Amino acid sequence: MELFAYSFRIDKNIVRHCFIKINNDLVIAKHIKVTPSSILLLLPHCIQLSVCNYRLSHNIDNCHRCGKCPIARILSFRDIYGFKVAVASGGTIARNIVSVTHPQCIIAVACERDLTSGIQDCFPIPVFGILNSRPKGPCIDTLVSLSYLESVIKLFCN
Ligand code: SF4
């Protein structure tokens, strides 16, 4: 698809958006309902406030829940629903987390490029992709719609 975009000089992210949308529609069509502990929520490290001093890559519970970035609310969702959640600082770490946690379903928050590659890397595990927003530009202090994220979590929880 990216070669197609390159050949016809279409913005790669438009093609990636389409891929993510089609993927998500296919995942929804499977009507997946699993125990919450079988759901893995993968977050990009850039969702953590860039000036926060706590290291979350090995343990997201190192967050002190000050509320200055989305991690605090996401942890409260985790406490309510019981899914697994981890911060991945790259594709290799994300793959390691997946191989250790053995999820039946993955919800991934990331940019177009990382979601597109992550969805393909995790096949055949279904991955629902949620695009982050980047008010300060790429890879720094990124955000995610928490209400939308919660609705997606509910969609897959049995
Ligand atoms: S909620 Fe506060 S303590 Fe937790 S990661 Fe964000 S800035 Fe750091």
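Everything that follows concerns the structure shown earlier in this document.
One structure accompanies this document, and this report is about it. As the structure is a computational prediction, the values presented were derived from the model and not from experiment.

About the criteria used
Residues numbered from 1 in each chain as written. Predicted model: local features only at pLDDT ≥ 70, side-chain atom pairs only at ≥ 80, totals over all residues. Heavy atoms only, no water. Buried < 20%, exposed > 50% of the residue type's maximum accessible area, 1.4 Å probe, protein only. Helix = DSSP H or I, 4+ residues; strand = E, 2+ residues; numbered from the N terminus. Arc of directions from axis to C-beta. Contact = heavy atoms within 4.5 Å. Pairing = 2+ DSSP bridges. Axes fitted to C-alpha atoms, helices over the stretch in contact; angles between N-to-C directions.

For helix 6 (residues 146-156), the full list of buried residues reads Leu 146, Leu 149, Val 152, Ile 153 and Phe 156. Considered in projection along helix 6, the buried side chains sweep an arc of 120° and stay on one side of the axis. Those residues of helix 6 that are buried are in contact with helix 2 (12-29), strand 1 (39-44), helix 3 (71-81), strand 3 (105-110) and strand 4 (127-131).

The next point concerns the sheet that holds strand 2 (residues 84-88). With respect to topology, four strands assemble into an open sheet ordered 2-1-3-4, the strand pairing being parallel. The strands lining the two open edges of the sheet, one partner per strand, are strand 2 and strand 4. Averaged over all neighbouring strand pairs, the angle between strand axes comes to 20°, with direction disregarded. Pairing geometry for strand 3 and strand 4, over five bridges, is parallel. Each bridged residue has a counterpart across the sheet, and for Ile 106 the counterpart in strand 4 is Val 127.

With an omega of 10°, the peptide bond running from Phe 123 to Pro 124 counts as cis. Inspection of the secondary structure assignment puts Pro 124 in the loop between helix 5 (112-122) and strand 4. In this model, Arg 65 sits at a positive phi of 55°, which is unusual for a non-glycine residue. Tracing the chain through its elements places Arg 65 in the loop between strand 1 and helix 3. Phi at His 102 is positive, roughly 50°, even though this residue is not glycine. Mapped onto the elements of the fold, His 102 is located in the loop between helix 4 (91-101) and strand 3.

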